[in-house]
Amino acid sequence: MNRDCMDEKAIESILNDLKSEDTPYERVLSSMCTYPHPIAVKACTQFIGTNLGDPGLFAGTAEIEREVVRMMGALFNNPDAHGYITTGGTESNIQAMHAIRNACKNTAPNIIVPESAHFSFDKLGDLLGLDVRKADLDSDLKVDLGSVESLINKDTVGIVGIAGTTEFGQIDPIRELSELAMSKGVFLHVDAAFGGFVIPFLPKAHGHVSEFEFDFAIPGVTSLASDPHKMGFSVIPSGGLLFRDHSYLSRLSVDTPYLTVTSQQTLTGTRSGASAAAAYAVFKYLGRAGYEKIVGRCMELTRELVARAREFNIKPLIDPVMNVVALDVPDADLARSELKKRGWIVSTTREPRALRLVVMPHLTRENMLMFTDDLGEVVKNG
Ligand code: 0PR
């Protein structure tokens, strides 16, 4: 055998060793990802070799993607939504802003995003030549409408609202942002990368009507990002980008003369159909009831975690809206490193600085109890 070749067993053994260096999710409270659902993994494996970059060759896989977009459109109150399965929130945000920028003729366009926006907006500002203007937050850590309005000028092409902020799990006032966007004639993109698979499944306070509005039911919302690879329980990489109608997607079209189709609207060329198949499988399998159960459990654990933190005199910056908690501790960076010594991976927020926890489905009640005990000790000793 060639010296640069290895047998299967040897490769397997090296990969197993390296895999064992990865952090298992059980003690991770910093990530918005989790173990994918087994049915998603199975579908992912089945479709691993498919390429949606040339959909004429993969007619069945392309139909799966259309169905996933239809399902997400229905979930977000727009059965006519057009879009595609991206690699995640970053790509969805890039392409949403790309479409908005192409729709406008401004030579020095700007967009207004909340101060709490994910760093993907910094990336896309650079890529797309957009000036990304950051609006202040109010005392509830939602974007301040007055601040958004004051930043809008003749070169503003779009506003962004976040439904489930990365650091605080807060929901911006999307209806008010929609009114503002419509009155100024600009686009409104909703970044629900995390919240899209949480908000519709939150236990309903008032009968069947969710108290949070964030999607296409609000007339000014022109695009929305929501990731199956976060609370959608699907495989990495999977994001969903939806536009209100087809006109937006067509602004992203490039000619593809030598493919089985004549144009493409996606950012990447070759792209795996496994993401679409996995999302399809897990959506169909869990259904609304399955997601309600998962989200309900995460919210229950979140509430219990916060109640126990309060016993140690640790308060959240806001009452948790979803399964993301920012705890006001005296020294968040010290607490983070002390918790790491005890085997817990947590993160911190930027401003205001706090200890940030995401209660994903992989967190067991037993671990939550152990974690809060450690948290109490760390803060007492700190
Ligand atoms: N929009 C929001 C609101 C987000 O929270 C995120 C990611 C994105 C967009 C970008 O999504 P992609 O990373 O899928 O492109 N928020 C987390 C973050 O970057 C994701 C994360 C996931 C962080 C796993 C850590 C981790 O271990 O902070």
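Residues numbered from 1 in each chain as written. Predicted model: local features only at pLDDT ≥ 70, side-chain atom pairs only at ≥ 80, totals over all residues. Heavy atoms only, no water.

### Side note on the pattern of salt bridges
Phase 1 of the analysis: A complete count under the given rule lists 20 salt bridges for this structure.
Phase 2 of the analysis: Between Lys-184 and Glu-149 there is a salt bridge, with the nearest N and O atoms lying 3.9 Å from each other. Taken together, the residues Lys-184 in helix H7 (residues 174–184) and Glu-149 in helix H6 (residues 145–151) connect sequence positions 35 residues apart.
Phase 3 of the analysis: Taking relative accessible area as the criterion, Lys-184 reaches 40% and is therefore assigned partly exposed. (Salt bridge = Lys/Arg side-chain N within 4 Å of Asp/Glu carboxyl O. Helix = DSSP H or I, 4+ residues; strand = E, 2+ residues; numbered from the N terminus. Buried < 20%, exposed > 50% of the residue type's maximum accessible area, 1.4 Å probe, protein only.)

### Focus: the packing of aromatic side chains
Phase 1 of the analysis: What the rule picks out here adds up to 10 aromatic pairs.
Phase 2 of the analysis: Relative to Tyr-35, the ring of Tyr-25 lies with its centre 5.1 Å away and its plane at 90°, an arrangement referred to as edge-to-face. One end of the pair, Tyr-25, is in the loop between helix H1 (8–19) and helix H2 (38–46); the other, Tyr-35, is in the loop between H1 and H2, and 10 residues separate them in sequence.
Phase 3 of the analysis: Under the relative-accessibility criterion, Tyr-35 is labelled partly exposed at 37%.
Phase 4 of the analysis: The lysine or arginine in question, Arg-27, covers the ring of Trp-344, its NZ or CZ lying 3.9 Å from the ring centre.
Phase 5 of the analysis: A cation over an aromatic ring shows up here: Arg-251 above the ring of Tyr-248, its NZ or CZ 5.3 Å from the ring centre. (Phe/Tyr/Trp six-rings, centres within 6.5 Å; stacked < 30°, edge-to-face > 60°. Lys NZ or Arg CZ within 6 Å of the ring centre and 35° of its normal.)

### Section: the sheet that holds strand E12 (residues 347–348)
Phase 1 of the analysis: As summarised here, the arrangement of the four strands in space is E10-E11-E13-E12, forming an open sheet in which the pairing is antiparallel. Among the strands making up the open sheet, the edge pair consists of strand E10 (315–316) and E12.
Phase 2 of the analysis: Pairing geometry for strand E11 (residues 324–328) and strand E13 (residues 355–358), over four bridges, is antiparallel. Residue pairing in the sheet places Ala-326 in a bridge with Arg-356 of E13. (Pairing = 2+ DSSP bridges.)

### Observations concerning the domain arrangement of the protein chain
Phase 1 of the analysis: When the domains of the protein chain are assigned, the result is domain 1 (8–36 + 287–381) and domain 2 (38–284).
Phase 2 of the analysis: Using C-alpha coordinates to define each centre, domain 1 is positioned 26 Å away from domain 2.
Phase 3 of the analysis: With 28 residues of domain 1 in contact, the opposing surface of domain 2 contributes 38 residues.
Phase 4 of the analysis: Interface area for domain 1 against domain 2, summed over the two sides, is near 2,800 Å², with a carbon-plus-sulfur share of 68%. (Domains from an automatic or database assignment. Contact = heavy atoms within 4.5 Å. Buried area = accessible area lost by both parts, 1.4 Å probe.)

### Quick word on the site of the ligand
Phase 1 of the analysis: The local shell around the ligand holds 16 residues, among which Thr-90, Thr-166, Asp-191, His-229 and Lys-230 are the closest.
Phase 2 of the analysis: In this structure, an oxygen atom belonging to the ligand sits 2.9 Å away from a side-chain N or O atom of His-118.
Phase 3 of the analysis: At a separation of 2.8 Å, an oxygen atom of the ligand approaches a polar side-chain atom of His-229.
Phase 4 of the analysis: With the chains in place, 76% of the 590 Å² that the ligand exposes on its own is no longer accessible.
Phase 5 of the analysis: The element contributing the most residues to the shell around the ligand is helix H4 (residues 89–103), with three residues.
Phase 6 of the analysis: Counting only domains with at least three residues in the shell around the ligand, you end up with domain 1 (8–36 + 287–381) and domain 2 (38–284). (Near = heavy atom within 4 Å. Polar contact = N/O pair within 3.5 Å; in protein donor to acceptor, adjacent residues only side chain to side chain. Areas by Shrake-Rupley, 256 points an atom, 1.4 Å probe, with all protein chains shown as cover.)

### As for the sheet that holds strand E1 (residues 82–86)
Phase 1 of the analysis: Pairing is mixed in the open sheet, where seven strands are placed in the order E1-E7-E6-E5-E4-E2-E3. Sheet topology places E1 and strand E3 (131–135) at the edges, where each strand pairs with a single neighbour. Geometrically, the sheet is characterised by an average inter-axis angle of 20° between neighbouring strands, direction not taken into account.
Phase 2 of the analysis: As defined by bridge partners, strand E4 (residues 156–162) adjoins strand E5 (residues 187–191) across five bridges and the pair is classed as parallel. Paired with Ile-159 across the bridge in E5 is Leu-188.
Phase 3 of the analysis: In the packing of helix H3 (residues 59–75) onto the sheet, contacts are made with E1, strand E6 (221–226) and strand E7 (239–243), and the angle to E1 comes to roughly 115°. (Axes fitted to C-alpha atoms, helices over the stretch in contact; angles between N-to-C directions.)

### Topic: the packing of helix H10 (residues 332–341) against helix H11 (residues 365–381)
Phase 1 of the analysis: Their axes nearest at 10 Å, the elements H10 and H11 cross at an angle of 130°. Put simply, H10 runs oblique to H11. The handedness of the crossing between H10 and H11 comes out as right-handed. Where H10 abuts H11, its residues Ala-335, Glu-338 and Leu-339 lie against Phe-371, Asp-374, Leu-375 and Val-378.
Phase 2 of the analysis: Class assignment for the residues of the contact of H10 with H11 results in five nonpolar, no polar and two charged. (Parallel < 35°, antiparallel > 145°, perpendicular 65-115°, else oblique. Left-handed = near helix turned anticlockwise from the far one by under 90°. Nonpolar A, V, L, I, M, F, W, Y, C, P; charged D, E, K, R; others polar.)

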